[in-house]
Amino acid sequence: MTRPAPRVVEALNAALHRLFEERTSLHLLGEDVRDPYGGAFKVTRGLSARHPDRVLSTPISEAGITGVAGGLALAGDQAIVEMMFGDFAALAFDQILNLISKSVTMYGDRVPMPVVVRCPVGGNRGYGPTHSQSLQKHFLGVPNLALYETSPFHDPYAQLAEGLDRGPAMLFEDKVLYTRRMFRDGVVDEHHRYALRGGPTGWAHVSPRDGTAADVVLICPGGTAHRALDAARLLRARGIAAHVLVPARLYPPDLEPVLPLLADARLVAVAEESTEGGTWGAEIAARVHARIWERLRAPVLLLNSADSVVPTAPHLEARVLLGAERIAEEIEAGAARSLPPRAPATPPETFAAEAGEPEAATTDGAEPAAGVPVAVPKLNNNDTAYLVVRWFADDGAHLDEGDPLVELETSKAVEEIAAPAAGHLRVRAAEGSEVGVGELLAELLPEPPAAPGPEARSVALPEQLAEPLPEPARAQEPGPATARTHVLDRAQQGTAAVVTRAHREVPVAFAAVEVTVDAVLTRLRTLSDETGAEVGLPEAVVKAVAAAHPAFPHLFGTLVDERTVRLADTVDIGVTMDAGNGLYIPVLRDCAGRSLADLSDDLMDFRLKAFRAEFTAGELSGGCLSVSLNTEPGVLFVQPIVMAPQLCMVSVGGPLTRLVLEDGVPASTTVVTLGLAYDHRVVNGRDAVAFLRAVADALHDAEKLVELVDGQ
């Protein structure tokens, strides 16, 4: 099996180990950097064991630590400083500005200053105002000081080595990246690829796999890269091709390798997590304007977080920090304001040759709209595409303005779209097809079409949608002024529709068992320390459920008819996410084949998306079984529903303390309750209990526990 790409924290750790082997005069200074702690984020794990005299845990004095590093450099050694949190680099500003950076040139001859100051930065971790800043902008423009930022595309060894060689330098490490996997082999996802421009410390250029030329070029540092990629996916669904550029070195920037790409774009944008004013993005914009002003069709768009400290509460933090949806919305608006497009131009030969990309081909062979076009509207913030459930009129029928036109299924409910004008219907998206936001649904023509639209009703309605979902519950009219009411929001209305359908269609039964989890919790804590991933009971339960698939394949299937179950080839498991703004069930892919740490990475990503309501339709579909996570302390058990067309949902309650007798001596143990709601048409009670026992055994049986936690 192919070994997964390392996490960013593992790549940083490997880079430090390599540098220490190569450079015998290199020292590392910081608070709690020695083993067994290995630094606040485990970046320095194992270094002090191999190099005990050169890895020094220091007192809590950022100015003192940095001053000593400067002294080591002046004496001919090399030094890397770890700030426990980047916010504390403000305490070392005097040493960086007035000692380390100035010493390069203020003694008459150029003096080597091989010092790199590492700074964990950024929010989205709930650490609050004093541990979550992105303060890169405060160090811009300091003479002789180079600034780098880690990214999932760039080898941190190259950044650290160059930083030491050209020193002094600062390396900013966004904390959300530590548990993310590095990208490798030029692959980002099924729609995007990447290539490096300008060498290992140059730019990562992310582009569509089909070679589509850039409508928009989005420049962002590494910590914002995943949000930029999510924004590119949203824009793709809205018909805008976005390329993403991620630099390894922030300052001084080298724009030469990417200027041809910027010059041909409809819009250039820079997204960063810092607050506006004196930013890296403003520096990039100024340089771009100076170099290619005559080629730009709009000013460079600057995107920043809100003018605020970073709150601790996750829902407030999400409102302050720059997110993917806002990036996409502002880019979409900025592109609409750009100058009319020039004639398509072939990318400059030098750039195309370096990229190894084919020339962009014209792919738009669609017939232009002859009447009033009906595009797919944006129905919620969760999805970028919807399912066409049914058309209310046949192709060619006449409709008046406001008549019901089509039903679209979102991740939460079925929405009815009305005709925006009168005309004869020409269907452009068949029932059962998936349509992206902004795509053409239909046209309303002044005259009947000569023949039915080429795609009209060409796809059969999926069997599970043969009977449409009930309409979301409508809020009652307000009662008397003295009456107190609670109006359900759209997300809860959608949840109500799904629950109603489940109760109406699925003859559900329920079973539950109690399982001791002391051993697995202890092993998970160790695994978290070893990998840097926050691995907990939810990941272990998902993995244990997936491990039961070979013995109980029909529990992971889909009911096709009264006697046939379609079995799942891959164990894709949905997990419940409720962040207070609606219930979501995103799907963890290939749970049987991936490690607990990998699943932990995805769950962390899902939790952030739940807070921001940023799920796509693809992330919320395709599960063969679901797990309801209710692991808050004190939750006894939860009886879930079965989410048709699935056949089962597992529930896991919170940890409870039980008093037991061990060899006649009272002792405490931790237990949770596992439940299984199952479709009685397919699953019998004996199977349900046997399945739950198999999951429970995987969580507490010593031999099976080792296989579960360490096997992948």
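Bear in mind that the values here come from a model prediction, so they are computed numbers and not experimental data. (Residues numbered from 1 in each chain as written. Predicted model: local features only at pLDDT ≥ 70, side-chain atom pairs only at ≥ 80, totals over all residues. Heavy atoms only, no water.)

**Q** Help me understand the overall build of the protein, please; the structure alone is not making it clear to me.
**A** The helix and strand tally for the protein stands at 17 helices and 32 strands. Taking contacts inside the protein between residues at least 6 apart in sequence as the whole, the part at least 24 apart equals 72%. Of the roughly 31100 Å² of accessible surface on the protein, 53% is carried by carbon and sulfur atoms. (Helix = DSSP H or I, 4+ residues; strand = E, 2+ residues; numbered from the N terminus. Contact = heavy atoms within 4.5 Å. Areas by Shrake-Rupley, 256 points an atom, 1.4 Å probe, with all protein chains shown as cover.)

**Q** Honestly, the nonpolar core in this entry has me stumped. Any pointers?
**A** Soluble globular proteins: nonpolar side chains tend toward being buried together. If you look at the biggest cluster of nonpolar residues, it comprises 58 residues, and the most contacted ones within it are Val545, Val575, Val627, Leu674, Leu676, Phe691 and Leu699. The next biggest cluster of nonpolar side chains, apart from the first, holds 49 residues, and it includes Ala73, Val115, Val121 and Leu147. (Core = buried A, V, L, I, M, F, W, Y, C linked by side-chain atoms within 4.5 Å. Buried < 20%, exposed > 50% of the residue type's maximum accessible area, 1.4 Å probe, protein only.)

**Q** I would appreciate a short explanation of the packing of aromatic side chains in the present structure.
**A** How two aromatic rings sit relative to each other is set out by the distance from centre to centre and by the angle between their planes. Applying the stated rule across the entire model yields 10 aromatic pairs. Measuring from centroid to centroid gives 5.3 Å for Phe93 and Phe139, while their planes differ by 55 degrees, and the two rings are tilted. Placement of Phe93 in helix H4 (residues 93-100) and of Phe139 in the loop between strand E4 (115-121) and strand E5 (146-149) is noted, with a sequence separation of 46 residues between them. Owing to a relative accessible area of 1%, Phe139 belongs among the buried residues under this scheme. Among the aromatic residues, those joined into a ring-pair cluster are Phe41, Phe85, Phe88, Tyr127 and Tyr178. Positioned over the ring face of Tyr157 is Arg18, at 3.6 Å from the centre of the ring. (Phe/Tyr/Trp six-rings, centres within 6.5 Å; stacked < 30°, edge-to-face > 60°. Lys NZ or Arg CZ within 6 Å of the ring centre and 35° of its normal.)

**Q** Teacher, can you tell me more about the sheet that holds strand E8 (residues 203-208) here?
**A** In a beta sheet, neighbouring strands pair by backbone hydrogen bonds and run either parallel or antiparallel. With mixed pairing, 6 strands are arranged side by side in an open sheet as E7-E8-E10-E9-E12-E13. On the outer flanks of this sheet lie strand E7 (192-197) and strand E13 (301-305), each paired with one strand and no other. Across this sheet, the average inter-strand angle for adjacent strands is 20 degrees, counted without regard to direction. Where strand E12 (residues 267-275) meets E13, 4 bridges bridge the pair, whose relative direction is parallel. Within E13, the position partnered with Thr275 by the bridge is Ser305. This element, helix H8 (residues 280-292), spans strand E9 (216-219), strand E10 (242-247), E12 and E13 of the sheet and lies at about 155 degrees to E12. Its contacts with the sheet place helix H10 (residues 324-337) against E9, E12 and E13, and it is angled at close to 160 degrees to E13. (Pairing = 2+ DSSP bridges. Axes fitted to C-alpha atoms, helices over the stretch in contact; angles between N-to-C directions.)

**Q** Hey, could you run me through the packing of helix H6 (residues 225-237) against H10 in this one?
**A** In the contact formed by H6 and H10, the axes pass within 8 Å of each other and the chain directions differ by 50 degrees. Judged on the interaxial angle alone, H10 and H6 are oblique. The two elements H6 and H10 meet at a crossing, and its hand is right-handed. For the pair H6 and H10, the contacting residues are Arg227, Asp230, Ala231, Leu234 and Leu235 in the first and Ala324, Glu325, Ile327, Ala328, Ile331 and Glu332 in the second. Looking at the contact of H6 with H10, its residues break down into 7 nonpolar, no polar and 4 charged. (Parallel < 35°, antiparallel > 145°, perpendicular 65-115°, else oblique. Left-handed = near helix turned anticlockwise from the far one by under 90°. Nonpolar A, V, L, I, M, F, W, Y, C, P; charged D, E, K, R; others polar.)

**Q** Hey, could you run me through the pairing of strand E31 (residues 656-662) in this one?
**A** Here is the key point about a regular strand: its side chains alternate between the two faces of the sheet. Here E31 pairs with strand E32 (residues 665-679) via 7 bridges, running antiparallel. Counterpart to Arg658 in the pairing with E32 is Thr669.

**Q** Mind showing me how you'd approach the side chain of His27 here?
**A** By the secondary structure assignment, His27 is in strand E1 (residues 26-30). What makes His27 buried here is its relative accessible area of 14%. In this structure the side chain of His27 is engaged in a polar contact, spanning 3.1 Å, whose partner is the backbone oxygen of Ser25. If near-sequence neighbours (up to four positions away) are discounted, His27 is found in contact with Phe20, Asp53, Arg54, Leu72, Asp77, Gln78, Ala79 and Ile80. (Polar contact = N/O pair within 3.5 Å; in protein donor to acceptor, adjacent residues only side chain to side chain.)

**Q** Can you help me understand empty space enclosed by the protein in this one?
**A** With a probe scaled to a water molecule rolled over the atoms, the places where space remains empty come into view. Taken as a whole and assessed by the stated rule, the structure comprises 3 cavities of 30 Å³ or more. Estimated volume of the largest cavity: approximately 290 Å³. Forming the walls of the largest cavity are 19 residues, and the residues nearest its centre are Asn124, Val176, Arg180, Asp605 and Leu608. Of all the elements, helix H15 (residues 596-612) adds the most residues to the lining of the largest cavity, at 7 residues. Classifying every residue of the lining of the largest cavity gives 4 nonpolar, 5 polar and 10 charged. Lining the second largest cavity are Ser134, Gln136, Glu149, Asp174, Pro221, Thr224, Leu250, Glu272, Glu273, Ser274 and Trp280. Residue contributions to the lining of the second largest cavity peak at 3 residues, all from E12. (1 Å grid on protein atoms, 1.4 Å probe; cavity = no way out; pocket = protein on both sides within 12 Å on 5 of 7 lines; lining within 4 Å. Points joined across faces, edges and corners; volume = space filled by probe spheres on them.)

**Q** Mind showing me how you'd approach the state of the cysteines here?
**A** One covalent bond between the sulfur atoms of two cysteine residues makes up a disulfide. Evaluated as defined, the whole model comprises 0 disulfides. Here Cys591 is not disulfide-linked; the sulfur of Cys624 is the nearest cysteine sulfur, at 8.0 Å. (Disulfide = S-S within 2.5 Å.)

**Q** Hey, could you run me through the pattern of salt bridges in this one?
**A** Between side chains of opposite charge, pairing is possible as soon as their charged atoms come close. Summed over all chains, the structure comprises 28 salt bridges. When the shortest N-O distance is used, the salt bridge between Asp189 and Arg233 registers 2.7 Å. Of this pair, Asp189 sits in the loop between strand E6 (169-174) and E7 while Arg233 sits in helix H6, placing them 44 residues apart in sequence. What makes Arg233 partly exposed here is its relative accessible area of 30%. Connected through salt bridges with shared partners, the residues Arg7, Glu10, Arg181, Asp598 and Asp601 form a single ionic network. (Salt bridge = Lys/Arg side-chain N within 4 Å of Asp/Glu carboxyl O.)

**Q** I would appreciate a short explanation of the sheet that holds strand E20 (residues 434-436) in the present structure.
**A** Spatially, the 4 strands line up as an open sheet ordered E18-E17-E15-E20, and their pairing is antiparallel. Single-partner strands in this sheet number two, and they are strand E18 (414-418) and E20. Taking each pair of neighbouring strands and ignoring which way they run, the sheet shows an average axis angle of 40 degrees. With 4 bridges connecting them, strand E15 (residues 385-391) and strand E17 (residues 404-409) associate as antiparallel partners. Paired with Trp391 across the two strands is Val406, which belongs to E17.

**Q** How should unusual backbone geometry be read in this particular structure?
**A** The phi torsion of most residues other than glycine is negative, and most of the peptide bonds are trans. Residues Gly167 and Pro168 are joined by a peptide bond in cis, for which omega reads 5 degrees. Inspection of the secondary structure assignment puts Pro168 in the loop between helix H5 (156-166) and E6. Note that the residue after Ala644, namely Pro645, is joined by a cis bond; omega there is 10 degrees. By the secondary structure assignment, Pro645 is in the loop between strand E29 (625-629) and strand E30 (648-652). Phi angles above zero are rare outside glycine, and Asp32 is one such case at about 60 degrees. By the element assignment, Asp32 lies in the loop between E1 and helix H2 (47-50). If you check the backbone angles, Asn124 has positive phi at about 65 degrees while not being a glycine. Mapped onto the elements, Asn124 comes out in the loop between E4 and E5. Classification of Asn124 by relative accessible area gives buried; the value is 6%.

**Q** Looking at this structure, I do not really get helix H14 (residues 537-547). What am I missing?
**A** Since the α-helix packs 3.6 residues into each turn, any two residues three or four apart lie on the same face. Of all 11 residues that make up H14, 10 are buried, and the element is covered over most of its length. Burial in H14 covers these residues: Leu537, Pro538, Glu539, Ala540, Val541, Val542, Lys543, Ala544, Val545 and Ala546.

**Q** I'm lost on the pairing of E9 in this one. Help?
**A** Judged by which residues are buried, E9 turns out to be covered on both faces: Val216 and Leu218 on one side and Val217 and Ile219 on the other are all buried. Once the chain exits E9 it traverses H6 before rejoining the sheet at E10, and the crossover so formed is right-handed. (Right-handed = clockwise from strand over helix to strand, strands pointing away.)

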